[in-house]
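Here's the letter readout for the chains.
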Amino acid sequence: MRKVGDVTNTALATSPLQAVDRCDSCGAQAYIRVVLSEGDLLFCGHHGRRHEAKLRPIALEWHDETDRLHAPSAPVTD
Ligand SMILES: [Zn+2]
(Lines give C-alpha, C1' and ligand atoms only; values in the text may rest on other atoms or scores of the structure.)
Protein backbone atom coordinates (compact mmCIF):
# COMPACT_ATOMS: atom_id res chain seq x y z
CA MET A 1 0.00 0.00 0.00
CA ARG A 2 1.38 3.34 -1.03
CA LYS A 3 -0.15 6.54 0.18
CA VAL A 4 -1.51 9.00 -2.32
CA GLY A 5 -0.55 12.32 -0.83
CA ASP A 6 -2.76 14.47 -3.01
CA VAL A 7 -6.00 13.02 -4.28
CA THR A 8 -6.08 15.55 -7.10
CA ASN A 9 -2.72 14.33 -8.37
CA THR A 10 -4.15 11.59 -10.56
CA ALA A 11 -1.46 11.94 -13.22
CA LEU A 12 0.92 9.93 -11.07
CA ALA A 13 -1.67 7.21 -10.54
CA THR A 14 -2.02 6.66 -14.25
CA SER A 15 1.68 6.48 -15.05
CA PRO A 16 2.76 3.19 -16.62
CA LEU A 17 3.74 0.39 -14.31
CA GLN A 18 7.46 -0.23 -14.02
CA ALA A 19 9.51 -3.37 -13.55
CA VAL A 20 10.13 -2.24 -9.96
CA ASP A 21 6.40 -2.19 -9.24
CA ARG A 22 5.59 -5.37 -7.39
CA CYS A 23 2.41 -7.25 -6.54
CA ASP A 24 1.34 -6.47 -2.97
CA SER A 25 0.32 -10.09 -2.52
CA CYS A 26 3.19 -12.15 -3.92
CA GLY A 27 5.95 -9.76 -5.03
CA ALA A 28 5.77 -10.64 -8.72
CA GLN A 29 5.94 -7.86 -11.27
CA ALA A 30 2.78 -5.80 -11.09
CA TYR A 31 0.54 -5.38 -14.10
CA ILE A 32 -2.55 -4.00 -12.39
CA ARG A 33 -2.84 -0.85 -10.30
CA VAL A 34 -5.96 -0.33 -8.25
CA VAL A 35 -6.46 3.24 -7.09
CA LEU A 36 -8.51 3.52 -3.92
CA SER A 37 -9.50 6.62 -1.99
CA GLU A 38 -6.89 5.84 0.69
CA GLY A 39 -4.07 4.84 -1.63
CA ASP A 40 -3.26 2.40 -4.37
CA LEU A 41 -2.61 -1.32 -4.62
CA LEU A 42 -0.44 -3.17 -7.09
CA PHE A 43 -1.13 -6.67 -8.27
CA CYS A 44 0.25 -9.17 -10.71
CA GLY A 45 -2.20 -10.49 -13.28
CA HIS A 46 -3.04 -13.47 -11.09
CA HIS A 47 -3.87 -11.50 -7.95
CA GLY A 48 -5.50 -8.69 -9.86
CA ARG A 49 -8.03 -11.16 -11.17
CA ARG A 50 -8.43 -12.75 -7.76
CA HIS A 51 -9.24 -9.44 -6.04
CA GLU A 52 -11.09 -7.84 -8.92
CA ALA A 53 -14.63 -8.72 -7.83
CA LYS A 54 -14.00 -7.27 -4.37
CA LEU A 55 -12.05 -4.18 -5.36
CA ARG A 56 -13.64 -3.10 -8.63
CA PRO A 57 -16.76 -1.61 -7.00
CA ILE A 58 -14.70 0.61 -4.64
CA ALA A 59 -11.82 1.42 -6.99
CA LEU A 60 -11.48 4.98 -8.23
CA GLU A 61 -9.45 3.67 -11.13
CA TRP A 62 -8.53 0.25 -12.49
CA HIS A 63 -5.30 0.37 -14.46
CA ASP A 64 -4.72 -2.93 -16.22
CA GLU A 65 -1.59 -3.65 -18.25
CA THR A 66 -2.01 -7.42 -18.33
CA ASP A 67 -2.29 -7.24 -22.11
CA ARG A 68 1.46 -6.66 -22.03
CA LEU A 69 1.79 -10.24 -20.78
CA HIS A 70 0.62 -11.51 -24.14
CA ALA A 71 2.77 -11.54 -27.25
CA PRO A 72 1.83 -8.44 -29.25
CA SER A 73 2.00 -10.12 -32.64
CA ALA A 74 0.96 -13.67 -31.83
CA PRO A 75 -1.20 -14.91 -34.70
CA VAL A 76 -4.60 -16.31 -33.86
CA THR A 77 -5.08 -19.26 -36.12
CA ASP A 78 -8.33 -20.65 -34.79
ZN1 LIG B 1 0.58 -11.59 -7.13
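Above: the structure in question.
Since the structure is predicted, the reported quantities are computational estimates derived from the model, not experimental observations.

What am I meant to see in the overall build of the protein here?
Within the protein one finds 2 helices and 3 strands. The secondary structure elements of the protein, listed N-terminal to C-terminal, are α-β-β-α-β. Across the 78 residues of the protein, 14% fall into the buried class. In the protein, once contacts between residues fewer than 6 apart in sequence are set aside, the share between residues at least 24 apart is 36%.

What should I look at first to understand the nonpolar core in this one?
Where a protein is soluble and globular, its nonpolar side chains tend to be buried together. In terms of nonpolar packing, the biggest core is built from 9 residues, these being Ala30, Tyr31, Ile32, Val34, Val35, Leu41, Leu42, Phe43 and Cys44. Taken together, the elements giving at least two residues each to this core come down to β1 (32–36) and β2 (39–43).

Got a minute to help me understand the environment of Ala19 in this structure?
With respect to the element layout, Ala19 can be found in the loop between α1 (10–13) and β1. With 12 residues separating them along the chain, Ala19 and Tyr31 place their C-alpha atoms 9.2 Å apart.

Any chance you could explain the sheet that holds β1 here in plain terms?
Sheets are built from strands paired through backbone hydrogen bonds, the pairs being either parallel or antiparallel. In spatial order, the strands read β2-β1-β3; together these 3 strands make up an open sheet with antiparallel pairing. Since the sheet does not close on itself, it has two edges, and those belong to β2 and β3 (61–64), each with one partner. The sheet shows a mean angle of 15 degrees between the axes of neighbouring strands, direction not considered. Sheet analysis places β1 next to β3, joined by 4 bridges and oriented antiparallel. Within the sheet, the bridge partner assigned to Ile32 lies in β3 and is Asp64.

I'm lost on the pairing of β2 in this one. Help?
Residues in a regular strand point their side chains to alternate faces of the sheet. As paired elements, β1 and β2 share 5 bridges and run antiparallel to each other. Across the sheet, residue Arg33 finds its bridge partner in β2, namely Leu42.

Procedures and definitions
- Residues numbered from 1 in each chain as written.
- Predicted model: local features only at pLDDT ≥ 70, side-chain atom pairs only at ≥ 80, totals over all residues.
- Helix = DSSP H or I, 4+ residues; strand = E, 2+ residues; numbered from the N terminus.
- Buried ≥ 20, exposed ≤ 12 C-beta atoms within 10 Å, placed from the backbone.
- Contact = placed C-beta atoms within 7 Å.
- Core = buried A, V, L, I, M, F, W, Y, C linked by C-beta atoms within 7 Å.
- Pairing = 2+ DSSP bridges.
- Axes fitted to C-alpha atoms, helices over the stretch in contact; angles between N-to-C directions.

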